[in-house]
Each structure stands twice: as C-alpha cells, then as structure tokens.
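Each chain, letter by letter, is given below.
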Amino acid sequence: MTFEESLDFLNSYEPDDYRSLKIAQENWKSLISEDRGYLERLYDIYFATIKGFLGENDALALNGAKAYNFILAFSGTTTVASHGGKEEAWRILNERHAQHLDLLRRAIERPNSVVSEKFSRTKTGKWADIVTSMLDLYYWHKPYSNHDEKLRIEAAMLVPKIYRAFPEHRSFLLPDHLMLHPNAIREAGDLIRFYILEKGQREAPLLVDLAYDMFGFHSDKGKPAHAQSAAILQHALSDASSWTEQQLEQFLEQVVFTPLDIQTYQSQQAEALLQSTIANYERLLRENKYESHLGTSAQTYRERDEKTLQAHRATLNLIQSDFDAWNRKRRDKAVQRLAVSATTRKAFKVIETKLPAPYAERIGALLKEAEDYSSRPKLYPSHKPSENRFKDFGLKLLVIEELMYRQKVLAPQFDIHLFAKEYEKREISVEIDGYEIIPEVETYFKNLPISDELLAKVETLHQSSGLDGGSEFIYHLYPFWDPGSGDKAIPVSNKAITDLELLPNLKSISGLENSKPTPKLLKALAARDIRISTEE
C-alpha cells in the first residue's frame, strides 16, 4: 500500500469498526518500518490538519471524516510501534513541542461542536475527541525506555483546563495525564470540587474516570491517583460539612460508589444497561472478526467473549429474578476490594472523617464490613517460619509441585488470584507485581507445613526449564516468568542434601540439570539410589 492509499483508506471505514482502525494504523506502521521519513510526513499532515480545524489554511490539511479519523488513528496505540518508530516520533514531537502546546491551548478554547457524524461508542464525534487525542500523543508516541517526563509534565499543565472546558467528555487517559501536573493533588481535588460544587452534573464521565483511577477495581496501584487518593480527598472535602444534600449524594454516587460498582440502580435501569452490553457481545460474536495477536489465537479471543457473554446473561437473569441478591453480590465484591487495599481504606477513612452524618455512617458501614471480611477464616492462612522443615527452597518447590498440583493431595491448591483477593497487608497486583517473584507468595510457600504422611507419597520429582510449559507453582510465585527471555528455574542447592531425609520414598528426579547441581549434591543423591534423568 502506498502512502497516499493509506490516507484514502481513512475514508473507507466506519469509525466504530475497530478492525479497520487497526488496519489503518498497521498500514502506517508498515510504511514507517520501511522508511522513517513517512513518520515526518504523517506529523506534517497531523499539524496541518489540527491547524485546519482551528481555521488556518494549509495545503496538507485533511478534511471532514478523513481528518477526524486521521487524528484519532495517528495519536493511537500502534501507529509508531515499529522498531525505532517511537524514538523517531518522540524526536519529532520534541522538536515541535512548543508549537504543539500552542495548538493545544487554542484547541481548548474552541467550542465542543460536532466534527464527525460517525464515531465509535467510546468517542463522541465532538471536538473534545480531537483535544484529548492531541494530549494522548504524549503517551502513545513516547518510547518505553525514555523516562524523561518533561514534555508530558508541560502538557499536563493544560489538563485542568481540558477538564473544565469539556466536563461531559470521557477519556480514560486524562487522569493519567492530570497526575503528572506539578500540583496534581491540589488540581485533582479542585476538579472534584468543580464537578460537585460548580457543575452539579448527574453525568460526569471525566469525574468518574478519575475516581476509577483512585480506587476502582482495576486501579493501578503504581499510579499516583491511587497512591495519593487520601490526600486528594483531604483537599476536595475540606468543607464537605457545608455541602448540600444533593452535592453529598452526587459525591457518594460518582466518586465513591461507582468505582466500586455499588452505585444506585433501579432494576429496569440495571437491566437496560446489561442488555446493551449483551447485545454488543452478541454482535461481536456474530460478526466474528477475531484475529490472532501477540501469541493469542483468534479462537481464544472468541472463547473469552463467549464466556463473558454467558456471565452477563447469568447476571441479567439474577437481576430479573432476585434484584436484592444482585445488589448484595455487588456489595460483597466492593467490601472485598476495600478489605484488601490499605490505600483505599485510608482514603475511605478520610471520607468518613470529612462527611457529615448520615453520609459518614454509610462509609463507616463499608469500612466495618471490610474489617469483618478481613477477620474471617482465610483460604490461605499465614504460617510461622518454624513450621517449615526444608532447608532448600528450590527442592521444596518441586515437592509442592508434585503434591499440590500433580497428585493434588496437598490442600488447598494455591492460586495467586485468590490469594491476592484475601491478602490485606498490602494490595497485590498480579499485573504489576508478577514480573518478579512475589514476596508474599514466596513466604507462603517457604513456611507451608507438609506432613510426613504426604512427604512419604513423593516418589518422583521434576524440575522444568519451561520448555514443557513450566511447573504450575511458578506461575503463582512468579506469574510472568518467561524462560524465553532468560528467566531461570529456581535452583536446588547443596542445602537439599539435608532435606532428602524428609523424602524417604524419593526414587527419581528429572530435569535437575536446570539447577546445575554440584558434584556433592549428585553424590548424595546417588548414595540414596535416587535416579537422575534429563528433562524430556
């Protein structure tokens, strides 16, 4: 495809067609991988088109739906993801940063009028889509290896104005941009006050997006909005005792309850929302446009959507048959979220302190339920170091693999996701913490007691290099362990010699070469007639 054809393609797809959007981005990615000069040309067209929207004449500017589609596609996720593409994109944006900031300032002043009659369900077709896409450029075009946030911080200075200029807009990245502001805590608190005290909107998507980042179910604990949520609320609620009932109700519904999915619904409203979601999944399955991506097959994506659809249908059935039970289920899930996040509990205690009664009592009730949840019997109780009899952690892990995951006689079978849900000393995020050994899981496995009766059942052990799919335990201890990237098996050391006394019926070990065993260890194994074989 030629460069000109890649631009013409923008006129040929519906903006709601995600597959075609990705094709447009992949077209540019392919061209950029062949010649980095195309990236400069794309930036020239981008600047010209923005200026065209702002009333300046430029021969390179695109028009109409083509212009709208171009801005959203170019500022998106994969356009410059080819090898070296992000580095080149960031160089160009850095050179034109001052000009881009000036255009962004002017763009914020423009009314939020319709710029495209066709748009995706996650967009509005209005000018605010263009403005937030301009800001997103600083996120998606930044190289992963570049930790200098100077450009993003300077752009973040304009974010509070974007919130105020387009209060009805929605952008999941805007809170991320906001928290790079030098006075992020004050600005975030002021924006909560702006939406509650000045706008008083029943629908405030940007406020809800910020609240989700602060303490929603999928809030990233590594992001400032979550880590600083208590400080933000301390500022936002400084005079909450003087707020009106309507303002207090709006705050609770949009900032507190919605991120925890316990906002107030009438049964008909809940049904309608879920039926809309179900209809969307049915459409996706009917159109069957699934594609393989990053090692995940198209069939796997389809099966995931089929399971999600089944779950939504079951939820709809519960809403229709027992609305109170559905609400109880939602609250139980929210209480669990609160119980396992010390950061969120700290934020909620600020809310409880700042709000007048009876609003504070509603927060207090949630905190009390979370406390009760934390004190319940746990599936994975902690054990004392004295309960561990193994000297060598590597050998004990092989024993756990054999008894817990192969023979299934060591219970309960450990699951990192279930463990994370009930652990409350800190918030464990598999997505963030899983790129190395999770310390709490390491402690659990190290201290886990194993009876002599179970140890007597161990006749064979296997250490996996990962080529056979890997041992089950490793994906709970180190979820994103990747032998293809050089991650090694946890070694069995000479300390294991003493531990052999705990395994009276051990006859063979396969794959021990992955530990590079010492002659001393091999001699001790041979003395006990334990056969060693290589990994098949």
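Criteria and cut-off values
- Residues numbered from 1 in each chain as written.
- Predicted model: local features only at pLDDT ≥ 70, side-chain atom pairs only at ≥ 80, totals over all residues.
- Heavy atoms only, no water.
- 1 Å grid on protein atoms, 1.4 Å probe; cavity = no way out; pocket = protein on both sides within 12 Å on 5 of 7 lines; lining within 4 Å.
- Points joined across faces, edges and corners; volume = space filled by probe spheres on them.
- Helix = DSSP H or I, 4+ residues; strand = E, 2+ residues; numbered from the N terminus.
- Nonpolar A, V, L, I, M, F, W, Y, C, P; charged D, E, K, R; others polar.
- Core = buried A, V, L, I, M, F, W, Y, C linked by side-chain atoms within 4.5 Å.
- Buried < 20%, exposed > 50% of the residue type's maximum accessible area, 1.4 Å probe, protein only.
- Pairing = 2+ DSSP bridges.
- Axes fitted to C-alpha atoms, helices over the stretch in contact; angles between N-to-C directions.
- Expected span 1.5 Å × (residues − 1).
- Contact = heavy atoms within 4.5 Å.
- Phe/Tyr/Trp six-rings, centres within 6.5 Å; stacked < 30°, edge-to-face > 60°.

(A) Region of interest: the layout of surface pockets. As a volume, the second largest pocket reaches approximately 280 Å³. Along the walls of the second largest pocket sit 14 residues, with Pro381, Ser382, Phe419, Tyr423 and Lys425 positioned nearest its centre. Those elements that place two or more of their residues in the lining of the second largest pocket are helix H22 (416-422) and helix H24 (439-447). Of the residues that constitute the lining of the second largest pocket, the class distribution is five nonpolar, four polar and five charged.

(B) Examining the nonpolar core more closely. One finds Phe70, Ile192, Leu233, Phe251 and Leu355 to be the most contacted residues of the largest nonpolar core, which totals 101 residues. Tyr380, Tyr478, Leu512 and Leu525 belong to the second largest nonpolar core, which has 47 residues in total.

(C) Molecular detail of the sheet that holds strand S1 (residues 460-462). Taken in spatial order, the three strands of this open sheet run S1-S2-S3, and their pairing is parallel. Looking at strand neighbours, the two that pair on one side only are S1 and strand S3 (531-533), the edges of this open sheet. Across the sheet, the mean angle separating the axes of adjacent strands is 15° when strand polarity is ignored. When strand S2 (residues 508-510) meets S3, the two strands line up parallel, connected through three bridges. From the neighbouring strand, Ile509 faces S3, where its bridge partner is Ile532.

(D) Structural view of helix H16 (residues 267-287). Along its 21 residues, H16 runs 30 Å from first to last C-alpha, staying within 8% of the 30 Å computed at 1.5 Å per residue. Those residues of H16 lying buried are Ala270, Leu274, Ile278, Tyr281, Arg283 and Leu285. At its buried positions, H16 is contacted by helix H17 (298-321) and helix H18 (323-339).

(E) Just empty space enclosed by the protein, in detail. What the rule picks out here adds up to two cavities of 30 Å³ or more. Approximately 90 Å³ is the volume found for the largest cavity. Surrounding the largest cavity, Gly394, Leu397, Leu398, Gln463, Ser464, Gly470, Ser471, Phe473, Ile474, Trp481, Ala489 and Ile490 form its lining. Of the residues forming the lining of the largest cavity, the biggest block, three residues, is contributed by helix H21 (residues 393-406). The residue inventory of the lining of the largest cavity, partitioned by class, reads seven nonpolar, five polar and no charged. There is about 30 Å³ of room inside the second largest cavity.

(F) Spotlight on helix H3 (residues 37-53). The terminal C-alpha atoms of H3 lie 25 Å apart, and with 17 residues this matches the ideal 24 Å at 1.5 Å per residue to within 8%. Following H3 by one or two positions, Gly55 adopts a phi angle in the positive range, close to 95°.

(G) Looking closely at unusual backbone geometry. With an omega of 5°, the peptide bond between Ala357 and Pro358 qualifies as cis. The amide bond that connects Ala411 to the next residue, Pro412, takes the cis arrangement and shows omega of 0°. Counting through the fold element by element, Pro412 comes out in the loop between H21 and H22. Unusually for a residue other than glycine, Asp261 sits at a positive phi of about 60°. Turning to its location among the elements, Asp261 is positioned in the loop between helix H15 (245-257) and H16.

(H) Local environment of the packing of aromatic side chains. For the structure on display, the rule yields 29 aromatic pairs. Summarising the aromatic geometry, the rings of Trp243 and Phe251 are spaced 6.0 Å apart at their centres and angled 75° between planes, so their arrangement reads as edge-to-face. Each member of the pair, Trp243 together with Phe251, is buried. Ring centres of Tyr475 and Trp481 lie 6.1 Å apart, and the angle between their planes is 70°; this geometry places the pair in the edge-to-face category. Ring pairs connect the aromatic residues Trp28, Tyr43, Tyr46, Phe47, Phe70 and Phe74, which therefore count as one cluster.

(I) The arrangement of the environment of Lys421 in detail. Position of Lys421 among the secondary structure elements: in helix H22. The spacing of Lys421 and Ser341 is 80 residues in sequence and 9.3 Å in space, taken between C-alpha atoms.

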